[in-house]
Amino acid sequence: GAFLLQQEKVVAKLPIEIASITTPSGSVQQFHLEVARESPDLERGLMFRTALAPDAGMLFIFPVPQEIRMWMKNTLIPLDMLFIGVDGVIHTLHSNAKPHDLTVIASGGVVVAAVEIPGGRAAELGIVEGSRISSDSLTPLFH
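Let me begin by describing the structure that accompanies this report.

### Points about the layout of surface pockets
Any empty space left between atoms is shown by rolling a water-sized probe over those atoms.
Logical step 1: Quantified by volume, the largest pocket comes out at close to 350 Å³.
Logical step 2: Lining the largest pocket are 20 residues, and of these Leu42, Glu43, Arg69, Met70 and Trp71 lie nearest its centre.
Logical step 3: Those elements that place two or more of their residues in the lining of the largest pocket are helix H2 (39–44), strand S3 (56–70) and strand S4 (79–84).
Logical step 4: With 7 residues, the single largest contributor to the lining of the largest pocket is S3.
Logical step 5: Here the residues of the lining of the largest pocket are counted per class, giving 12 nonpolar, 3 polar and 5 charged.

### Considering the environment of Phe31
Logical step 1: Looking at where Phe31 falls in the secondary structure, it is placed in strand S2 (residues 28–36).
Logical step 2: Exposure remark for Phe31: the relative accessible area of 2% places this residue in the buried category.
Logical step 3: With 12 residues separating them in the primary sequence, Phe31 and Ala19 have C-alpha atoms 5.3 Å apart.

### Side note on the sheet that holds S2
Within a sheet, each strand pairs with its neighbour through backbone hydrogen bonds, oriented either parallel or antiparallel.
Logical step 1: An order of S5-S4-S6-S3-S2-S1-S7 is seen for the 7 strands of this open sheet, with the pairing classed as mixed. The open sheet terminates on both sides in strands that have one partner only, identified here as strand S5 (90–97) and strand S7 (132–134). When the angles between neighbouring strand axes are averaged without regard to direction, this sheet yields 30°.
Logical step 2: Both S3 and strand S6 (residues 105–118) contribute to a ladder of 8 bridges, which runs antiparallel.

### Points about the nonpolar core
Logical step 1: Core analysis: the biggest nonpolar cluster contains 21 residues, and Leu59, Leu82, Ile84, Val115, Ile127 and Ile133 have the highest contact counts within it.
Logical step 2: Looking at this core element by element, the count peaks at 4 residues for S6.
Logical step 3: Of all hydrophobic cores here, the second largest spans 20 residues; its members include Leu46, Phe60, Met81 and Ala97.

### As for the pairing of S2
Logical step 1: As judged from the 7 bridges shared by strand S1 (residues 16–22) and S2, these two strands associate in the antiparallel manner. Counterpart to Thr22 in the pairing with S2 is Val28.
Logical step 2: Where S1 folds back on S2, the antiparallel hairpin that results is connected by 5 residues, among which Gly26 adopts a positive phi of roughly 100°.
Logical step 3: Sheet topology note: the S2/S3 ladder contains 5 bridges and is parallel. In the sheet register, Val35 faces S3, and the bridge partner there is Leu59.

What counts and what doesn't
- Residues numbered from 1 in each chain as written.
- Predicted model: local features only at pLDDT ≥ 70, side-chain atom pairs only at ≥ 80, totals over all residues.
- Heavy atoms only, no water.
- 1 Å grid on protein atoms, 1.4 Å probe; cavity = no way out; pocket = protein on both sides within 12 Å on 5 of 7 lines; lining within 4 Å.
- Points joined across faces, edges and corners; volume = space filled by probe spheres on them.
- Helix = DSSP H or I, 4+ residues; strand = E, 2+ residues; numbered from the N terminus.
- Nonpolar A, V, L, I, M, F, W, Y, C, P; charged D, E, K, R; others polar.
- Buried < 20%, exposed > 50% of the residue type's maximum accessible area, 1.4 Å probe, protein only.
- Pairing = 2+ DSSP bridges.
- Axes fitted to C-alpha atoms, helices over the stretch in contact; angles between N-to-C directions.
- Core = buried A, V, L, I, M, F, W, Y, C linked by side-chain atoms within 4.5 Å.

Structure below.
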C-alpha cells in the first residue's frame with residue numbers, strides 16, 4: 001500500500017558522491033556511491049536491489065575504525081567488497097560475494113569504511129588490494 005511506497009522512497013534517499021579509485025598501475029576509476037553512515041542504512045546496505053549500474057555502488061562509513069563483518073543475506077546481486085584502511089588504501093578485497101550467502105566476509109583488520117560495487121568490476125578495472133580511494137566523505141578520515 002501507500003505506506004510501503006513511501007517507506008521505499010525514504011530508503012532510496014541516501015546521498016550520492018563520486019569516489020575515485022587509483023590502481024597501482026595508475027589508472028583512475030570513478031564510482032557513484034550511495035553513502036551509508038547511520039545504523040539502519042549500514043545494516044540494510046544493498047539488500048533487495050535487483051540491479052546496480054556498472055559505476056554505482058555503496059560506501060559504508062563506520063562510526064569508528066573497526067574490524068568489519070558483512071554477509072549477503074537478502075542481497076540479490078553479486079558484489080565486490082572493498083575494505084578501506086585509515087591510510088585510504090584498499091586492504092582487503094572480496095570478489096563476487098554470492099547472493100543470499102550467509103558466510104561472514106571479514107575485513108581482515110581495522111577499517112574505516114567499505115565499498116560495495118557490482119560483482120566482477122574490480123577485476124575488470126584492475127582494482128586490487130593496494131589501490132587507493134578518495135571521496136569527499138572518505139578523505140577526511142585518512143591519516
